[in-house]
Amino acid sequence: MTTSSEDSWAALDRYISDLCVPPDAALDAALRDAQAGGLPEINVSPNEGKLIYLLARLVNPRRILEIGTLGGYSTIWLARSLPADGRLITLELEEKHAAVARRNLARAGLAGQVEVRVGPALSTLQAMIQAGAAAFDVIFIDADKDGYPAYLDWSLKLAHPGTLILADNVLRRVTESPSGGSDGIREFNRKLAAHPALECILVPILRGQPDGIAIARVK
Ligand code: SAH
Ligand code: DHB
Ligand code: MG
């Protein structure tokens, strides 16, 4: 991508956020504290946060699952789509990330609705199935990219007809030749598109480099 088109993407991204994503004390503080805590700045953008919030809100969710918490920025967006008695479970490998996320969620007034579970997501998902966890209405996949194909398998075990499955970073370097990016992402996209129980689309997202989000619905 040329520098000038990167600049115009950034300008468009800003145009959208200026109109549609007003400053928000809890979200802004969550980003500040994640940065101050030395967490990588790989959260969803404000516009993508608004997008996942809105998509979730459209399915009137009571239960949301997130795979990949970081500092809880996307978690706050998603949890705001829940009713007062709704619940969000978010899975994170790193205790340090989980600690920052819990503080950010508490400040956002979401401590009672959100639970951060620490450990490798695959193990946590397996434990949830074994414990007979109820199905989720929305599932957002955003952890290690090579894990995405397995996260899709486990997500389907925790879904019901109508569940909305979202996944971040699904268009990063996918068309590069020789193949760039993550093989896991390309495999995830193929599995998502070919699965008989899913209908899906991949939507480009404006960022520093081209990327995108998967939106899928369980039939
Ligand atoms: N959803 C967040 C960003 C997540 S970044 C947001 O937009 O705000 C990816 C996160 O996945 C990191 O915090 C990383 O520690 C975590 N992660 C990486 N491998 C993981 C694994 N195997 N299980 C659970 N979390 C993992
Ligand atoms: C990375 C991870 C993400 O979830 C993201 O949105 C951007 C970058 C990363 O691991 O580099
Ligand atoms: Mg991401």
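Coordinates for the structure precede this section.
Cut-offs applied
- Residues numbered from 1 in each chain as written.
- Chains lettered and ligands numbered in written order.
- Predicted model: local features only at pLDDT ≥ 70, side-chain atom pairs only at ≥ 80, totals over all residues.
- Heavy atoms only, no water.
- Buried < 20%, exposed > 50% of the residue type's maximum accessible area, 1.4 Å probe, protein only.
- Helix = DSSP H or I, 4+ residues; strand = E, 2+ residues; numbered from the N terminus.
- Pairing = 2+ DSSP bridges.
- Donors = N, O, S within 2.8 Å, 3.2 Å for Na, K, Ca; no water.
- Axes fitted to C-alpha atoms, helices over the stretch in contact; angles between N-to-C directions.
- Contact = heavy atoms within 4.5 Å.
- Core = buried A, V, L, I, M, F, W, Y, C linked by side-chain atoms within 4.5 Å.

## Section: the pairing of strand β4 (residues 138–141)
Step number 1: Judged by which residues are buried, β4 turns out to be covered on both faces: Val138 and Phe140 on one side and Ile139 and Ile141 on the other are all buried.
Step number 2: For strand β1 (residues 63–67) and β4, the ladder comprises four bridges, and the chain directions are parallel. The residue bridging isoleucine 64 from the neighbouring strand is valine 138, located in β4.
Step number 3: As judged from the four bridges shared by β4 and strand β5 (residues 164–168), these two strands associate in the parallel manner. Bridge pairing in β5 links isoleucine 141 to alanine 167.

## Quick look at the coordination of the magnesium ion (ligand 3)
Step number 1: On the protein side, the magnesium ion (ligand 3) has Asp142 (OD), Asp168 (OD) and Asn169 (OD1) as donor atoms, found 2.0 to 2.1 Å from it.
Step number 2: Donor residues for the magnesium ion (ligand 3) sit on one chain with the sequence pattern D-x25-D-N. Here aspartate 142 is found in the loop between β4 and α7 (148–157), whereas its partner aspartate 168 is found in strand β5, with 26 residues between them in sequence.
Step number 3: Aspartate 168 sits in the buried class, given a relative accessible area of 0%.

## Quick notes on the sheet that holds β4
Step number 1: The strand order across the open sheet formed by seven strands is β3-β2-β1-β4-β5-β7-β6, and the pairing between neighbours is mixed. Two strands in the sheet have a free side with no partner beyond their single neighbour: β3 (114–118) and β6 (198–205). Sheet twist, expressed as the average angle between the axes of neighbouring strands with direction ignored, equals 15°.
Step number 2: Docked against the sheet, helix α5 (residues 95–107) engages β2 (87–92) and β3, running at close to 170° with respect to β3.

## Concerning the nonpolar core
Step number 1: If you look at the biggest cluster of nonpolar residues, it comprises 28 residues, and the most contacted ones within it are Leu78, Leu88, Leu105 and Leu166.
Step number 2: Looking at this core, the elements with two or more residues in it are α2 (25–36), α3 (46–58), α4 (73–79), α5, β3, β4, β5 and β7 (211–218).
Step number 3: Here this core gets five residues from one element, more than from any other, and that element is α4.
Step number 4: When neighbours within four sequence positions are excluded, leucine 105 is seen to be in contact with Gly72, Thr75, Ile76, Leu110, Ala111, Val114 and Val116.
Step number 5: Met128, Phe136, Leu152 and Ile165 belong to the second-largest nonpolar core, a separate cluster that totals 27 residues.

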